[in-house]
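Each chain, letter by letter, is given below.
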Protein chains: 2
Amino acid sequence: MDFQMGCDGLKQIAVLGHGVVGSGVMEVLEKNRGLIEKRVGSQVEVRYILDRRQFPGLPYSGRFVTDFGVIRDDPAVEAVVEVLGGLEPAFSYARESLLAGKSVITSNKELVAQKGDVLLALAREKGAHFLFEASVGGAIPVIEPMHRCLDANRIQQVAGILNGTTNFILTKMLREGCTFQDALELAQRLGYAERDPSADVEGLDACRKICILASLAFGSHFYPEDVPTRGIAGVKPRDAAYAARWGGAVKLIARARRAAGGRVALEVSPMLVPASSLLWGVGDVNNAVQVTGDMAGDVIFYGRGAGKLPTASAVVSDVITALTQEGPAPSLFWGPADPGLLLPPSEAPCQGYFRVTGLDREGLELFFPGAFFLEPLEQGEEALITAPATQGELDAAQRAAEAAGGRVLSRFPVL
Amino acid sequence: MDFQMGCDGLKQIAVLGHGVVGSGVMEVLEKNRGLIEKRVGSQVEVRYILDRRQFPGLPYSGRFVTDFGVIRDDPAVEAVVEVLGGLEPAFSYARESLLAGKSVITSNKELVAQKGDVLLALAREKGAHFLFEASVGGAIPVIEPMHRCLDANRIQQVAGILNGTTNFILTKMLREGCTFQDALELAQRLGYAERDPSADVEGLDACRKICILASLAFGSHFYPEDVPTRGIAGVKPRDAAYAARWGGAVKLIARARRAAGGRVALEVSPMLVPASSLLWGVGDVNNAVQVTGDMAGDVIFYGRGAGKLPTASAVVSDVITALTQEGPAPSLFWGPADPGLLLPPSEAPCQGYFRVTGLDREGLELFFPGAFFLEPLEQGEEALITAPATQGELDAAQRAAEAAGGRVLSRFPVL
């Protein structure tokens, strides 16, 4: 990559927030200043950093401001990096920046998952960029290759391991037989999980990310609150053992599929992933996104999904795009939510894994015809993989089995 | 992905060659015409197809021509798709197209590996595109995410499994104990290997691809003939067994690394890949490219690396780019070869795997101090992993061991 353009002039940006990602952005800009400015074709200066806190002693301590209006009203600021996290004031700041004709770059998945359609429409109207590569998969390029490189395809499915914390916990449970609680504590000790891990563990983080990818793939906004979301707290080492016996693994999968009638099925849940899937081998804190195009087949984007400098480098790459490309790419866009587009969960095609006590194999076969039974790991327990069905049919079968004295200890979809 | 631009007007292209990829391009354009034209914002018509052969009975039989001059001299043709393969006449046609101000899209790795710098410079001069996403990894997005999404990074290494045929053969040898000859015959029966498999088996195909990726990553053209290249014919099932015992696998790896003094070490060879590497699990005909950035760390692009429609869909995506983006991206560029940039192979840092007879462990330790010995699979044979060294030091150690009566049966680098 060689850039023979001159480095004349100066381009000014602002960074909202000086937390982990914000300070990482400063570090990437400083460490790779030479190559970044070559790529932009001019000097790049962070004119303002917005943070309520004081950071004395930094080489750029003089650039901190506490009033967003200073940034909004400075016409020299071409692009605003929003790395505050959370919905407000991030949304107001992003909106006002775009209204002022400034491009906005964010790593904030909550913001994109809740307000992506609004901000994309505003960016288009103003001829500015709204870019968010870092909101999914950290440094792993996903958004850009999806809308630029797979644009001769009709996307059929996006499925991924989108949360590194839960993937680490499940890897520990499956490979080393840890309990959920022990694995979570280890993740916290290693700095992979936050003190309050609920957004990761309950699947909300993965849900926000799959909503962003589904919106991009299918052209309409999808809201996290409309997506059936289950976290990993219910996964037991015993389930991992049955999954291994079956020749697979239990992973927290976020999935969006084009279903019958062009509707879209969306779901976040622990799933049984067969060893034949490219996602099966994705362990530890890694993330992977599998995109299936009607022409390209499966392609996978893979790597560490988080981390200060990786995430910051994805943000800075978007800054380079915002400062060098005329206007937003028409392919990076989606419209408002279309309530009729989402398939009701009960109609979603589904194959299920059930672990049951209280009924024997013959009894269970009545409710789950055509099921494949795994060799039991304990007397009185049965584990089975159902024949293909819909979610609603499996719900009904479960209710019937429970009415007959069965007790469902675990139930997950099969990928 | 929604595109609210109108579909006014007509954009005309030409396709050079109606073989596997060329007919695939026609199929993708036809099958996904609606979404492609939405993305381009106008109708897209293949005005001419260049082929010496006749294809009667096709809906577009009337568009075949045998004289390239017709295409070159028609100012209505905005972009030319070159899928002839080989260096000539592909290079002349690409050059003349660019000289006439037309963008060129190619899947031809030989063309890019031999003439990329010349064609990129000409494209830049003429304000036209020279695009080649399909030349590496089929439908897997690699070129575009490398130069667009990792542009805040100094690339440290690009390493990949870039040839599906040889990866299939090695997978069969390692997992099922097939001989090389049996695995090759199976690959031919399944249509994965050509009747003359030499470009795949001898590593030339992977070498061309790593030269393209290295040129993009390090900014100067690298020629395949300057790259030490070994194919897979020397890999024995026994080596696969030792690799498994060590906890890894033998893979044909193409690798470009930034070494001391900013120079670049390039190599294609079977290598021992540890299970901790993300490339270890890449089996069958899949390809994977691992890019290591100084900020992003490792990211991997993964999928099927070949196939008619996948490759054609990558070509069509480049056509969309050529027809919609003003002028070439400054980041998709490299300069002429810089002979001083390539590290002499003997100076390349290297850890080696050796399989030896004729010397016992004590004897071998004299020549390979600090080596790690694997448990022998046969009496009189030793397999070892050397301490980190340079290629030249390992050459000298091998010569000394041979002079002392050792016989080296296999030798590969460790990734």
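Everything below is about the structure printed above this text.
Residues numbered from 1 in each chain as written. Chains lettered and ligands numbered in written order. Predicted model: local features only at pLDDT ≥ 70, side-chain atom pairs only at ≥ 80, totals over all residues. Heavy atoms only, no water.

**Some thoughts on the sheet that holds strand 17 (residues 407-413) of chain A**
All names here are of chain A. This is how it is decided: Note on pairing: two strands pair once DSSP finds at least 2 bridges between them. Numbering of helices and strands runs from the N terminus; a helix is a DSSP stretch of H or I covering at least four residues, while a strand is a stretch of E covering at least two. Lines fitted to C-alpha atoms define the axes here, with helix axes fitted over just the stretch in contact, and angles between the N-to-C directions of these axes take values from 0 to 180 degrees. Only heavy atoms enter the contact rule, under which two residues are in contact if any of them lie within 4.5 Å.
Pairing in this open sheet of four strands is antiparallel, and the strands run 14-15-13-17 from one edge to the other. The open sheet is flanked by strand 14 (372-374) and strand 17, the only strands paired with a single partner. The average undirected angle you get between the axes of adjacent strands in this sheet is 25°. Against the sheet, helix 11 (residues 237-246) touches strand 13 (352-357), strand 14, strand 15 (381-385) and strand 17, its axis set at about 125° to strand 13. The sheet contacts of helix 14 (residues 391-403) involve strand 13 and strand 17, and relative to strand 17 the element is tilted by about 170°.

**Points about the interface of chain A and chain B**
To keep things clear, this is the line we draw: By buried area we mean the combined loss of accessible area, with a 1.4 Å probe, across both parts when two parts are placed together. A carboxyl oxygen of Asp or Glu within 4 Å of a side-chain nitrogen of Lys or Arg is what we treat as a salt bridge. Whenever two N or O atoms come within 3.5 Å, that pair is a polar contact, provided that in protein one can donate a hydrogen and the other can accept it, and provided that, for residues adjacent in sequence, both atoms are side-chain atoms. Here the nonpolar group is Ala, Val, Leu, Ile, Met, Phe, Trp, Tyr, Cys and Pro; Asp, Glu, Lys and Arg are the charged ones; every other residue, Gly included, is treated as polar.
Between chain A and chain B, the residue contacts involve 56 residues of the former and 56 residues of the latter. Across the chain A/chain B interface, buried area totals approximately 4500 Å², and carbon plus sulfur atoms make up 60% of it. In this structure, the connection of chain A to chain B is made through zero salt bridges. There are 14 residue pairs in polar contact (both at pLDDT 80 or more) connecting chain A and chain B. Elements that contribute at least two residues to the side of chain A that touches chain B include exactly helix 1 (20-31), helix 2 (33-40), helix 6 (143-149), helix 10 (204-218), strand 11 (297-304) and helix 12 (308-324) of chain A. The leading source of residues in the side of chain A that touches chain B is strand 11 of chain A, at seven residues. Looking at the side of chain A that touches chain B residue by residue, the classes come out as 32 nonpolar, 12 polar and 12 charged. Bridge count between strand 11 of chain A and strand 11 (residues 297-304) of chain B: five bridges; the pairing is antiparallel. Bridge pairing in strand 11 of chain B places A:Y302 opposite B:I300.

**Details of the pairing of strand 2 (residues 43-50) of chain B**
Pairing geometry for strand 1 (residues 10-16) of chain B and strand 2 of chain B, over seven bridges, is parallel. Paired with B:L16 across the strands is B:L50, a residue of strand 2 of chain B.

**A closer look at the relation of the copies chain A and chain B**
Counted only if it meets this: All copies are superposed by least squares; the fitting set is the C-alpha atoms of residues with a pLDDT of at least 70 in both.
By a simple turn and slide, chain A fits onto chain B: the slide is 0.1 Å along the axis, the RMSD is 0.0 Å, and the turn is 180°. The two molecules are tied by a two-fold rotation axis, judged by turn and shift. Of the C-alpha atoms belonging to chain A, the one lying closest to the rotation axis is found on A:F301, 2.5 Å away. Both copies contact each other with a shared surface, as 100% of the interface residues of chain A are interface residues in chain B too.

**Some remarks on the packing of helix 2 (residues 33-40) of chain B against helix 12 (residues 308-324) of chain B**
All names here are of chain B. Selection criterion: For this classification, under 35 degrees means roughly parallel, over 145 means roughly antiparallel, 65 to 115 means roughly perpendicular, and everything else is oblique. Take the far helix as the reference: if the near one is turned anticlockwise from it by less than a right angle, the crossing is left-handed, and if turned clockwise, right-handed.
It is the contact of helix 2 with helix 12, at a shortest axis distance of 9 Å, that shows an interaxial angle of 30°. Between helix 2 and helix 12, the angle is such that the two are roughly parallel. Crossing angle aside, the handedness with which helix 2 passes helix 12 is right-handed. Where helix 2 abuts helix 12, its residues I36, R39 and V40 lie against V316, I320, L323 and T324.

Just geometry here; none of it tells us what the structure is for.
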